[in-house]
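Now for the letters of each chain:
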Amino acid sequence: MEILRSLDAMREWRASLAPSQRVGFAPTMGNLHAGHIELINVIKQQSDVVVASIFVNPMQFGGNEDLDAYPRTLEADLAKLEASGTAAVFTPTTTDIYPDGVSQHTAVDVPGLTDVLCGASRPGHFRGVTTVVSKLLGIVRPHVAAFGAKDLQQVLVIKKMVRDLSINTEIEVVPTVRESDGLAMSSRNGYLSHDERALAPLFSRTLEETAKRVAESGSDVKTVIAEGKAILTEAGFVVDYLEARHTHDLSEASSLNQETAIFGAAFLGTTRLIDNRIV
Ligand code: PAF
């Protein structure tokens, strides 16, 4: 496996590939778990060569968020990628990605979809995601790139960006990988204390149950959502949002005439969990 530690190294490696080789890409922020390896496995079936990137993107963290604490586990990550059959890993420096610093960097903004849910709670987050992903797609030039369905809003935002900016990359959405108790895999799960970890699966279970009940009750979405929030709050979660929204445009779903998902974000102690369930 090639480890490409600079922009020049990445570009040189990319230029060495034959035009006929189909390139698959899995962008990550490292601290890899089975959900990331699933991105690689899915993309491997659709490409001749798989590239991953590891870059903890400062632009997508708010000033009060966990950029410094975010787990950096490069050696373990490289071993997992090697074992998964990844051909090359791009590990750029912050200067490679933001030569004039984050605040002086050209930004990519996707309107509309970023106004709600995590976009409302984490101002600037999606601007950071779309800026870095557009750069990575421009550097790696993959035919197909994989993103996890756990971050469903991120997937929708990236799909719109790719369409709007005419980026020639297919976006593959990979189903959420869960622990045996249902908790969606996330690099942030490692922040949970022993007691919080024991409670955390209630979050995914509540989203699942809420989705089932919304499907059954049809129009009574508001009541079911309010009950879901109450269950989480009573158990000790601080709910950021629990909402039923249409998956194509993230508009509020008061009826179920289009595909709908229950989107949730909640704090358990200082750890922010997010998840979603299609109704
Ligand atoms: O989902 C993530 O890990 C990140 O948001 C991404 C897509 C790698 C961009 O930094």
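An account of the accompanying structure is given in this report. (Residues numbered from 1 in each chain as written. Predicted model: local features only at pLDDT ≥ 70, side-chain atom pairs only at ≥ 80, totals over all residues. Heavy atoms only, no water.)

1. Considerations on the pattern of salt bridges
Proximity of charged atoms lets side chains of opposite charge pair with each other. Taken as a whole and judged by the stated rule, the model has twelve salt bridges. The partner of Arg 188 in a salt bridge is Asp 66, with the nearest N and O atoms 2.8 Å apart. Of this pair, Arg 188 sits in the loop between β6 (170-174) and α8 (194-199) while Asp 66 sits in the loop between β3 (49-54) and α3 (74-84); the two residues are 122 residues apart in sequence, bridging distant segments of the chain. Per residue, the accessibility class of Arg 188 equals that of Asp 66, and both read buried. The closest approach of N and O atoms between Arg 245 and Glu 243, which form a salt bridge, is 2.6 Å. For Glu 243, a relative accessible area of 23% gives the class partly exposed. (Salt bridge = Lys/Arg side-chain N within 4 Å of Asp/Glu carboxyl O. Helix = DSSP H or I, 4+ residues; strand = E, 2+ residues; numbered from the N terminus. Buried < 20%, exposed > 50% of the residue type's maximum accessible area, 1.4 Å probe, protein only.)

2. Let's talk about the site of the ligand
All residues in the neighbourhood of the ligand are listed as Pro 27, Thr 28, Met 29, Gln 60, Val 132, Val 133, Phe 147 and Gln 154. Measuring from an oxygen atom of the ligand, one finds a side-chain N or O atom of Gln 154 at 2.8 Å. Calculation on the ligand without its partners gives an accessible area of 290 Å², and the protein chains cover 87% of this total. Looking at the shell around the ligand, the elements that each hand over two or more residues are β2 (23-28) and α6 (125-140). (Near = heavy atom within 4 Å. Polar contact = N/O pair within 3.5 Å; in protein donor to acceptor, adjacent residues only side chain to side chain. Areas by Shrake-Rupley, 256 points an atom, 1.4 Å probe, with all protein chains shown as cover.)

3. What to know about the nonpolar core
In terms of nonpolar packing, the biggest core is built from 45 residues, with Met 10, Trp 13, Val 51, Phe 90 and Val 133 touching the most fellow members. At the level of secondary structure, the elements contributing two or more residues to this core comprise α1 (7-15), β2, β3, β4 (88-90), α6, β5 (144-148), α7 (152-164) and β8 (260-268). It is α6 that contributes the most residues to this core, eight residues altogether. If near-sequence neighbours (up to four positions away) are discounted, Trp 13 is found in contact with Glu 2, Leu 4, Val 49, Val 51, Ala 87 and Ala 88. By size, the runner-up hydrophobic cluster in this structure holds 20 residues, among which are Leu 207, Ala 244, Ala 266 and Leu 268. (Core = buried A, V, L, I, M, F, W, Y, C linked by side-chain atoms within 4.5 Å. Contact = heavy atoms within 4.5 Å.)

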